[in-house]
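Here are the chains, one letter per residue:
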Amino acid sequence: MLAAFRQLRVVRAHNVTAQNVFFNLSATRQLRCKHVHPHSASIQFLGRQAVQQIRSCSFSAVAHTEASDLTASQPDDVLAPGLYLVGTPIGNLEDLSVRALKILQNATVILAEDTRHSRKLLNHYGIRSHMYSFHQHNEHSKQNKVLEQLSQGASVAVISDAGMPLISDPGSGLVAAAAAAGYPVVPIAGPSAFLLALVASGLSSTRFTFVGFLPDKPKHRQQELQDLADLAHTLVFYVPPHDLLDVLQDAVQVLGAERRCVVARELTKVHEQLVRCTLQEAVSVYTQTPAKGEVTLVVDGATHVADEVTAEEVKVQVAALMSSGQSTSSAAKIASKQLGVPRRQAYAAALGVQRDKQ
C-alpha cells in the first residue's frame, strides 16, 4: 500500500479530521482499501477507476465512540484510545480470550504488575507490545504519565500477574482518574480465582462477600473475621499458602469449628485441588500437609440469627456457666456456640456478670 502513496499526511484535531493526500499517479494499479485510526479517518478506493476518483473519495471522522463498541467495530490492527482492563489466565494459558489477545497485541503500551511474570504470557502468544511495570509501589508516580499517554491517543492495557486487574491489586486510582478525565475505560473479561472457587465450592453463590486478603497481624485478622462472623452468606478469601494454617485456626476460633469450607488450590493448573470439609478438618489436613501454590478459601455463611436471642438471655446463660466453674472466656465460648450468638457478644455479657460480682 505504501508504494501507492507519494505522501500521506494526517492532521488530527478535536472532533475534526483534516487530510492532505498526494498520490503518485503511476503507482495506482495496486490501490486497496486502507483503514486509519477511527479518530482520524477511513479512506476507501474502489475499483480500477480510482485515479479519476481520487479527488472525490470520501473521508469519515469518528468523533464519539461508545466504550462498548471500541473494540468490536475496529479493524484487527487498530485499537481506539482508552484504558483497557484485561483479564489474563490464572494458570492455564489457554484461558486467554480471543478479545484479550487482540487487545494485548495492538495496545500502545501494557502496564503489568510484574513485567518478568507477564513476559511469559506475552512470549507465549508472540506479543511484542511495549510493557512497563505498574504496581502498588509506583502506582501514584506513574499515574500522570499514563494520563498523558491517553491524552495523546494511546491505547493502554492494564494486566495483573493473574486474573482480572484491580482485584486485590493496584489500579483503582488510575481508573478513577482516567474516567474523570473523560477517557474510555474498557473492561475485557477474563478469569478470576475467587469466582472459579466460589462456583466450584458447592456453597451458596446467590449472595457472597469477597474479602480478599485478611490482615497479616493475628489480632487484626481475628477482628476482621469477627466482623464477618454474623453474615449469613458465603465468604471468599485469598490466602497466601504460608498463612493458610494460621487463617484456618483463627477461623475455627471466631467462626466456629463446624463451618463448612472449601480450600481451592492451584485452580486451572496441573495440580488443581479442592478440599471440601469443615474448618476444623481443614486445620488437620494442612497441619499434616502444608499448602503450596495459590489458595482461595470459601467459607459457608452463619446459620444462626443472633437477633433471635436477647442480651438478657445471653447474660443468664453466661452467668450459669460461670457459676458452674467456667472461666470468663470459656463461658463466653460455650454460650456463643449454645445460643448461636457472636463470641464477642457472649464475652461482653461475661464481663458484665464479672463486674456485677465485684
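Structural data are supplied above this passage.
Conventions we followed
The written sequence of each chain sets the order in which its residues are numbered from 1. The model is predicted, so local features are restricted to residues of pLDDT at least 70 and side-chain atom pairs to those at 80 or more, both for listing and for counting; the totals for chains, interfaces and linings are taken over all residues. Side-chain measures were taken over the full set of non-hydrogen atoms in the model, leaving aside hydrogen atoms and water. In this description a helix means any DSSP run of H or I spanning at least four residues, a strand means any run of E spanning at least two, and both kinds are numbered starting from the N terminus. As used here, the term nonpolar core means buried Ala, Val, Leu, Ile, Met, Phe, Trp, Tyr and Cys residues forming a set that is joined through side-chain atoms within 4.5 Å. Accessible area is worked out with a 1.4 Å probe on protein chains only. A residue is then buried under 20% of its type maximum, exposed over 50%, and partly exposed in between. Contact criterion: two residues are considered in contact whenever any of their non-hydrogen atoms come within 4.5 Å of each other. A pair of strands is treated as paired once DSSP finds two or more bridges between them. Note on handedness: a crossover is taken as right-handed if, strands pointing away from the viewer, the path from the first strand over the helix to the second is clockwise.

1. What about unusual backbone geometry?
Look at L166: it is not a glycine, yet its phi comes out positive at around 80°. Following the sequence through the fold, L166 ends up in the loop between β9 (155-159) and α5 (172-180). Backbone geometry places S168, a non-glycine residue, at a positive phi of 55°.

2. Examining the nonpolar core
Among the nonpolar cores identified, the biggest contains 28 residues, and F237, L255 and L297 are the most heavily contacted of them. Sorting the residues of this core by element identifies α7 (218-228), β12 (234-239), α8 (244-255), β13 (260-265), β14 (273-278), α9 (279-288) and β15 (295-299) as the ones contributing at least two each. A per-element tally of this core places α8 first, with seven residues. When residues no more than four places from it in sequence are discounted, the contact partners of L255 are L225, A229, L235, D250, L279 and V299.

3. Digging into the environment of V283
Structurally, V283 is set in helix α9. Assessed through its relative accessible area of 9%, V283 is described here as buried. In sequence terms V283 and L248 are 35 residues apart; their C-alpha atoms lie 6.0 Å from each other. Each residue touching V283, except ones within four places of it in the same chain, is listed here: L245, L248, Q249 and V252.

4. Observations concerning the pairing of strand β8 (residues 130-133)
Bridge count between strand β7 (residues 109-112) and β8: four bridges; the pairing is parallel. When the sheet's bridge partners are listed, V109 is paired in β8 with H130. On the question of chirality, the crossover connecting β7 to the parallel β8 by way of helix α3 (residues 115-124) is right-handed.

5. As for the pairing of β9
Taken across its five residues, β9 has five buried, putting it largely inside the fold. Judged by which residues are buried, β9 turns out to be covered on both faces: S155, A157 and I159 on one side and V156 and V158 on the other are all buried. Two elements, strand β6 (residues 82-86) and β9, share four bridges in a ladder whose sense is parallel. Bridging from a neighbouring strand, Y84 pairs with A157 of β9. Strand direction decides the pairing type here: β7 and β9, joined by four bridges, are parallel. Along β9, the bridge assignment pairs I110 with A157.

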